[in-house]
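Okay, here's what each chain looks like letter by letter:
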Amino acid sequence: MKIVMTGATGGIGLEAAQRLVGGPAARLIVGARRPDRLPGSLNGKVKALPLDLASLASVRTFAAAVAEGDPIDALILNAGIQNVTDAKSADGFELSFAVNHLAHYLLVRLLLPRMARGGRIILTASGTHDPAEKTGIPPPRHIDAARLAWPRQDPDLDRRRIVRGQRAYSTSKLANVMTARELAHRTADTHPDLTIIAFDPGFTPGTGLARDYPGPSGLIFRFLLPLLVKRTDRVSTPENSGRLLAELATDPGHAGLRGRYMAVRREEVVDAPPSAAAHDAELAEKLWDNSAGLVGL
Ligand SMILES: NC(=O)c1ccc[n+]([C@@H]2O[C@H](COP(=O)([O-])OP(=O)(O)OC[C@H]3O[C@@H](n4cnc5c(N)ncnc54)[C@H](OP(=O)(O)O)[C@@H]3O)[C@@H](O)[C@H]2O)c1
């Protein structure tokens, strides 16, 4: 079984990768910014190739390398950032939108022809995409790809940098959910055998997601919140969410899901309704087409 994965070097993805390499006959190829400095638990057990999702050129090089050889049985697009520093990608796009959405969208487009029959594509999304979830992260206001790529063109841009960054994050996660749904729609005739899932791992403190936060906030997310956070049905741990991600990629019970949103509830995944905006087929079609323009397809 050939599995290709992003975001395997830390947090939820590392937990998933550790399970996958321990499973039967899985060959795991991970895209990593520093393939020569993998976490020890993956050393010698995975093939690591250079991938910086903040560069579309790097995404294309990685896609060409993993396209070689056997078809891909599972494509796990898990990497993500919550950038709150107004940083830009190598291509000049807002960084969270570029890494979380555009880079993964391009990987989907480039690797779709290389998927095995009955293969799976999983995009890690987030409950923050849904205003009804009231996660504390400002929810998306729109899903206009050009305004998200170049936020300075957005007349409604948030004034506070942290709020801007958080909203860019939740919006990129809406883009992940919409991409999964639109991919299922567009491949209904050509790849009806593919399983396509958007995964919400739940609120999972203890990972590196808040690393860009100024002051001690990032450290609080990483080290204090895992000890203090109140258990609700939307809270998870990196170990548990990693287990669920690995299961979505391999368990026969999850085969055949098409564009579904699988969200953590009480430490398991359920087939949950995404936000109202995520259901908007016209907007999803537009996002798909405009994203193609931005990544040069
Ligand atoms: N933690 C939560 O509460 C939560 C909730 C909902 C959804 N999620 C989603 O879960 C996924 C995993 O996040 P996490 O919480 O486990 O965070 P994490 O510990 O920070 O892991 C993020 C992963 O993405 C990789 N990555 C970041 N930028 C990259 C780039 N430019 N190129 C290549 N790889 C890059 C990181 O690689 P490096 O090792 O090189 O940094 C790391 O492997 C994300 O998609 C996130 O949005 C998390």
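Predicted model, so just to flag it, every value in this text is computed and none were measured. (Residues numbered from 1 in each chain as written. Predicted model: local features only at pLDDT ≥ 70, side-chain atom pairs only at ≥ 80, totals over all residues. Heavy atoms only, no water.)

A. Here's a closer look at the overall build of the protein. A tally of helices and strands in the protein yields 8 helices and 8 strands. The C-alpha atoms of the protein give 18 Å as radius of gyration, which agrees with the globular expectation for 297 residues (19 Å, within 12%). In terms of principal-axis extent, the alpha carbons of the protein reach across some 50 × 45 × 35 Å. Within the protein, the fraction of its 297 residues that count as buried is 54%. Looking at the protein alone, contacts between residues at least 24 apart form 75% of all its contacts between residues at least 6 apart. Of the roughly 13100 Å² of accessible surface on the protein, 52% is carried by carbon and sulfur atoms. One way to put it: in the protein the 37 positive side-chain charges average out to a point 4 Å from where the 31 negative ones average out. (Helix = DSSP H or I, 4+ residues; strand = E, 2+ residues; numbered from the N terminus. Rg over C-alpha atoms; globule rule 2.2 N^0.38 Å. Buried < 20%, exposed > 50% of the residue type's maximum accessible area, 1.4 Å probe, protein only. Contact = heavy atoms within 4.5 Å. Areas by Shrake-Rupley, 256 points an atom, 1.4 Å probe, with all protein chains shown as cover. Lys, Arg positive; Asp, Glu negative; His and termini not counted. Charge placed at Lys NZ, Arg CZ, Asp CG, Glu CD.)

B. Local environment of the site of the ligand. Looking at the ligand, there are 31 residues lining it, with Thr9, Arg33, Tyr169, Thr207 and Arg211 nearest. The contact in question runs from an oxygen atom of the ligand to an N or O atom on the side chain of Arg33, over 2.8 Å. At a separation of 2.9 Å, a nitrogen atom of the ligand approaches a polar backbone atom of Leu53. The protein chains hide 95% of the 900 Å² of surface that the ligand would expose on its own. (Near = heavy atom within 4 Å. Polar contact = N/O pair within 3.5 Å; in protein donor to acceptor, adjacent residues only side chain to side chain.)

C. Examining the pairing of strand β7 (residues 258-265) more closely. Of all the 8 residues making up β7, 6 are buried; the element is thus mostly covered by neighbouring parts of the structure. As defined by bridge partners, strand β6 (residues 195-200) adjoins β7 across 5 bridges and the pair is classed as parallel. Directly across from Ile196, in β7, lies its bridge partner Arg258. The sheet contact formed by β7 and strand β8 (residues 268-271) spans 4 bridges and is antiparallel. Counted as the bridge partner of Val264 is Val269 from β8. Hairpin remark: β7 followed by β8, antiparallel, with 2 residues in the connecting loop; positive phi at Arg266, about 50°. (Pairing = 2+ DSSP bridges.)

D. Examining a nonpolar patch on the surface more closely. Taken together, the side chains of Ile220, Leu224, Leu227 and Leu228 make up a nonpolar region of the molecular surface, amounting to roughly 410 Å² of accessible area. Relative to the helices and strands, Ile220 resides in helix α6 (residues 217-228). Note on Ile220: relative accessible area 36%, which makes it partly exposed. (Patch = residues over 30% accessible without salt bridge, like charges linked within 9 Å, V, L, I, M, F, W, Y side chains within 5 Å. Salt bridge = Lys/Arg side-chain N within 4 Å of Asp/Glu carboxyl O.)

E. Looking closely at the pattern of salt bridges. Under the definition given, this model contains 15 salt bridges. Notably, a salt bridge pairs Glu133 with Arg265, separated by 3.5 Å at the nearest N-O pair. Here the residue Glu133 occupies a position in the loop between β5 (115-124) and α4 (145-149), and Arg265 occupies one in strand β7, the gap between them amounting to 132 residues. Given the relative accessible area of 13%, Arg265 is considered buried.

F. Broad picture of the nonpolar core. Core analysis: the largest hydrophobic core is formed by 57 residues, its most contacted members being Leu53, Leu75, Leu107 and Ile121. By residue number, the principal contributor to this core is helix α3 (residues 95-111), which donates 11 residues. Among residues more than four places away in sequence, those in contact with Ile121 are Leu75, Leu77, Val108, Leu112, Met115, Leu183, Leu194, Thr195, Ile196 and Ile197. Residues Ile12, Leu14, Ala16 and Ile76 belong to the second largest nonpolar core, which totals 30 residues. (Core = buried A, V, L, I, M, F, W, Y, C linked by side-chain atoms within 4.5 Å.)

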